[in-house]
Amino acid sequence: MSLDLMELLPGDWRERLDPLLDPLATAALGAFVATEYAEQTVYPAEGDLFNAFRHCSYDAARVLVLGQDPYHGPGQAHGLSFSVREGVRLPPSLRNIYKELESDLGVPRAVSGDLTPWADQGVLLLNAVLTVRAGDAGSHAGKGWEEFTDAAIRALNEKDGRVVFVLWGGYARKKARLVTNPQHVVLESAHPSPLSAKKFFGTRPFSQVNKALADAGLAEIDWKLR
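Model, not experiment: these values are computed from the prediction. Counting restarts for each chain, with residues numbered from 1 along the sequence as it is written. Totals for whole chains, interfaces and linings use every residue, but because this is a predicted model, local features are given only for residues with pLDDT of at least 70 and side-chain atom pairs only at 80 or more, for both listing and counting. With hydrogens and water stripped out, all remaining heavy atoms of the structure feed into the side-chain values.

**A word on the overall build of the protein chain**
We apply this condition: Here a strand is any run of E in DSSP of at least two residues, a helix any run of H or I of at least four, and the numbering for each starts at the N terminus. In this scheme, a residue with accessible area under 20% of its type's maximum is buried, one over 50% is exposed, and one in between is partly exposed, where area comes from a 1.4 Å probe on protein chains only. For the purpose of counting charges, residues Lys and Arg are taken to be positive, whereas Asp and Glu are taken to be negative. His and the chain ends are not included. Where a charge lies is defined by one atom per residue type: Lys uses NZ, Arg uses CZ, Asp uses CG and Glu uses CD.
Broken down by element type, the protein chain carries 10 helices and 6 strands. Along the first, second and third principal axes, the C-alpha atoms of the protein chain reach 50 × 40 × 30 Å. The buried share of the protein chain, reckoned over its 226 residues, is 53%. Charged side chains in the protein chain number 24 positive and 28 negative. The centres of these two groups are separated by 9 Å.

In structure tokens, the structure reads:
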């Protein structure tokens, strides 16, 4: 029993990640994930696993917002970091993201937690670990996803055009070492979790992203949501 993860990836991302990954490690990860889906309740649903890559092509990607692992409650995770489906109650971290967005750019706080409109504009909403057992945060850490998603970060680092890497919290900030191309911009701050939100508030990441994009002649992100 195994999932062919590379076959599930959109072709443009597969082409970029394939040279950066160990085939044996990727196959082992696919076997682990397939077994977990078969024997456990795992989020997000298998069909949503690579939504971040589906909604944001490699060529279109100009911002990365890195999360740690998916939400582990029912109906929350759908393959985009920090995002929840329409109609799902906003998680605390996302509420704090919306508060900062309102403070930073005056954007009214959205009712929906679905961040797909950001992804469709070139914001790769990527978690470092792409699956999780229900009710068990971090349960799929250390199983191989980190190497897989590190490859995505390395691939973005190879882009000719500017990419803005948004790293919130200690875990994400460790990934800054993967960004070595001087044309890119790395924005680091505390995590929007209630545990660290006081240090997150006032960091103005959204206006900083747009300035970095504009400075490179790229279109800004329209952060408004409904």
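**Points about the packing of aromatic side chains**
Keep this limit in mind: Pairing of aromatic rings covers Phe, Tyr and Trp, the last counted by its six-membered ring, and requires centre-to-centre distances within 6.5 Å; plane angles under 30 degrees mean stacked, over 60 mean edge-to-face, and any other angle means tilted.
Scanning all chains against the criterion turns up 13 aromatic pairs. The interplanar angle of 90° and the centroid separation of 4.9 Å between the aromatic rings of W118 and W223 together place this pair among those described as edge-to-face. Residue W118 is found in helix α6 (residues 116-119), and its partner W223 is found in the segment after α10 (205-215); the two are separated by 105 residues along the sequence. Residue W223 is classed as buried on the basis of its relative accessible area, which comes to 4%. Ring-pair connections join several aromatic residues into one group, and the members of that group are F82, W118, W168, F200, F201, F206 and W223.

**A look at the layout of surface pockets**
Left-over empty space is what a probe sized like a water molecule reveals as it rolls over the atoms. Threshold: In the cavity and pocket records, a cavity denotes points on a 1 Å grid over the protein atoms alone where a 1.4 Å probe fits but cannot get out, a pocket denotes an open set with protein on both sides within 12 Å along at least 5 of 7 lines, and lining residues are residues with an atom within 4 Å of a point. Grid points are joined across faces, edges and corners, and a volume is the space filled by probe spheres set on the points. Side-chain classes follow a simple rule in which Ala, Val, Leu, Ile, Met, Phe, Trp, Tyr, Cys and Pro form the nonpolar group, Asp, Glu, Lys and Arg form the charged group, and the remainder, Gly included, forms the polar group.
Reported here for the largest pocket is a volume of approximately 370 Å³. Lining the largest pocket are 22 residues, with D69, P70, Y71, S93 and H191 positioned closest to its centre. Its residues assigned to classes, the lining of the largest pocket shows 8 nonpolar, 13 polar and 1 charged.

**Some remarks on the pairing of strand β2 (residues 63-67)**
The condition that has to hold: A pair of strands counts as paired when DSSP detects no fewer than two bridges linking them.
Across the 5 residues of β2, 5 count as buried, placing the element largely inside the fold. As paired strands, β2 and strand β3 (residues 123-127) are joined by 5 bridges and run parallel to one another. Paired with G67 across the strands is N127, a residue of β3. Relative to strand β5 (residues 164-168), β2 runs parallel, the two sharing 4 bridges. Residue V65 lies in a different strand from β5, and its bridge partner there is V166.

**Focus: the sheet that holds β3**
Selection rule: Every axis corresponds to a line fitted to the C-alpha atoms, with the helix fit spanning only the stretch in contact, and the corresponding angles, defined between N-to-C directions, vary from 0 to 180 degrees. The contact definition used throughout considers only heavy atoms, calling two residues in contact when any of these lie within 4.5 Å.
A sheet is described by the order of its strands in space; here 4 strands give the open sequence β3-β2-β5-β6, paired in parallel fashion. Sheet topology places β3 and β6 (185-189) at the edges, where each strand pairs with a single neighbour. Ignoring which end each strand starts from, the neighbouring axes of this sheet average 20° apart. Where α10 meets the sheet, it contacts β2, β5 and β6, and its direction lies at approximately 160° from that of β5.

**Quick notes on unusual backbone geometry**
In this structure, P44 follows Y43 across a cis peptide bond, with omega equal to -5°. With respect to the helices, strands and loops of the structure, P44 is situated in the loop between β1 (42-43) and α4 (51-55). A positive phi angle, near 70°, is found at F82, a position not held by glycine. Its place among the elements puts F82 in the loop between β2 and α5 (92-105). With phi around 50°, R204 is a residue other than glycine that occupies positive phi space. Here R204 is to be found in the loop between α9 (197-200) and α10. Accessibility expressed as a relative area gives 42% for R204, which makes it partly exposed.

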